[in-house]
Amino acid sequence: MKRAADLSGFSAAEIEAGRRLFAGDWQFVAAAPALTALPPMAGPEIAFAGRSNVGKSSLINALTGRRALARTAATPGRTQELIFFAGGEGGHDRVALVDMPGYGYAAAPRAKVAAWTALIYDYLRGRATLARVYLLIDARRGLMPADDEIMATLDQAAVSYQVVLTKSDALAAAALEERSASLRQQLAKRPAAYPMVLATSAETAAGITELRAAIHRLLRERR
Ligand SMILES: Nc1nc2c(ncn2[C@@H]2O[C@H](COP(=O)(O)OP(=O)(O)O)[C@@H](O)[C@H]2O)c(=O)[nH]1
Ligand SMILES: [Mg+2]
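Rules behind the numbers
- Residues numbered from 1 in each chain as written.
- Chains lettered and ligands numbered in written order.
- Predicted model: local features only at pLDDT ≥ 70, side-chain atom pairs only at ≥ 80, totals over all residues.
- Helix = DSSP H or I, 4+ residues; strand = E, 2+ residues; numbered from the N terminus.
- Rg over C-alpha atoms; globule rule 2.2 N^0.38 Å.
- Buried ≥ 20, exposed ≤ 12 C-beta atoms within 10 Å, placed from the backbone.
- Contact = placed C-beta atoms within 7 Å.
- Core = buried A, V, L, I, M, F, W, Y, C linked by C-beta atoms within 7 Å.
- Pairing = 2+ DSSP bridges.
- Right-handed = clockwise from strand over helix to strand, strands pointing away.
- Near = placed C-beta within 6 Å.
- Nonpolar A, V, L, I, M, F, W, Y, C, P; charged D, E, K, R; others polar.
- Expected span 1.5 Å × (residues − 1).
- Arc of directions from axis to C-beta.

Within the chain, the secondary structure is distributed over seven helices and seven strands. In the chain, the order of α-helices and β-strands from amino to carboxyl end is α-α-β-β-α-β-β-α-β-α-β-α-β-α. Here the C-alpha radius of gyration of the chain, 16 Å, is about what a compact globule of 223 residues would show, namely 17 Å. With respect to the three principal axes, the spread of C-alpha positions in the chain is 50 × 40 × 35 Å. Considering the chain as a whole, with its 223 residues, one finds that 40% of them fall into the buried category. A separation threshold of at least 6 residues defines the contact pool for the chain, and within that pool the share at least 24 residues apart is 74%.

Written out as structure tokens, the structure is:
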């Protein structure tokens, strides 16, 4: 509907192109436990970063319409590798979605945490094909100190990122709007942050159409 497209800031054509982009065949490509194991740089990469359990894998499944493309974990801190999924429409550049290890998981052994924190930071700072980082924030919790650290790093490295709220189904509409507004304010002083906050739910699919359109727009602008 035209009205819905207007409200989200995307045209009906962009919404449709986003839908088509994610209706294609998405496949697992590689799991990299270290920088030396990254797949060769090909098309643009879109990374999903955030605390353990924030909903990264669930969001990738919701975007691609595949219930179990990315593994979702009842046990937090399980994904300690960069997981690459590739897909996209025929004719377009191949696009990769990257499911990142979660940070801020205190119960893991310290040496392991150090290793995968280094992996996250090295990848985010040094990957030339990284088109955008989606920084996932649990709508119920808002920004935590570990999120601030990642944002400071992305700002310093001038890597463009956008905050995506997850689990929006867990909040009432007014509380969700309040959370988005306060986040927008916090992002205003972040040079590499996209000013708009997107609220999503893998549970109800709220915001998924818009996120697909946003990814389509970003890929188109890069071409
Ligand atoms: N209510 C709700 N729960 C969610 C949503 N997305 C993920 N979860 C739950 O949050 C937990 C962690 O999800 P997961 O995708 O594995 O998080 P990851 O560690 O960031 O990859 C799981 O128990 C999911 O079922 C959502 O949109 N709404
Ligand atoms: Mg995960």
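Having put the structure on the table, let's press on.
The next point concerns unusual backbone geometry. Positive phi, close to 55 degrees, is recorded for Ala158, a residue that is not glycine. When you line up the elements, Ala158 lands in the loop between α5 (145-157) and β6 (161-166).

Core analysis: the largest hydrophobic core is formed by 56 residues, its most contacted members being Phe48, Val98, Val133, Leu135 and Leu136. Element by element, the count of residues in this core is highest for strand β5 (residues 130-138), at seven residues. Non-local contacts of Leu136, meaning those with residues more than four positions away in its chain, are made with Phe48, Ala49, Gly50, Val54, Gly55, Lys56, Leu59, Val164 and Thr166.

Before going further, it helps to spend a moment on the pairing of β5. Counting buried residues along β5, nine of its nine residues qualify, which places the element largely inside the surrounding structure. Pairing analysis gives six bridges linking strand β2 (residues 45-50) to β5, with the strands arranged parallel. Its bridge partner being in β5, Ile46 is matched across the sheet by Arg132. Direction of pairing for β5 relative to β6: parallel, over a ladder of six bridges. The residue of β6 that forms the bridge with Leu136 is Val164. Crossover handedness for the path β5 to α5 to β6: right-handed.

Our focus in this paragraph is the environment of Ala30. Following the sequence through the fold, Ala30 ends up in strand β1 (residues 27-32). For the pair Ala30 and Phe85, spaced 55 residues apart in sequence, the C-alpha separation works out to 7.3 Å. Non-local contacts of Ala30, meaning those with residues more than four positions away in its chain, are made with Pro39 and Phe84.

Moving on: the site of ligand 1. Ligand 1 sits among 20 residues. The nearest are Gly55, Lys56, Ser57, Ser58 and Thr72. Element by element, the count of residues in the shell around ligand 1 is highest for helix α3 (residues 56-64), at three residues. In the shell around ligand 1, the residues fall into six nonpolar, 10 polar and four charged.

Spanning 17 residues, helix α4 (residues 110-126) covers 24 Å between terminal C-alpha atoms, matching the ideal 24 Å at 1.5 Å per step. All of the buried residues along α4 are Trp116, Leu119, Tyr123 and Leu124. Buried residues of α4, seen end-on, are gathered within an arc of 120 degrees and therefore sit on one face of the element. Projecting away from the buried face of α4 at angles above 90 degrees are the exposed residues Arg110, Ala111, Ala114, Ala118 and Gly126.

That's the geometry; what it means functionally is another story.
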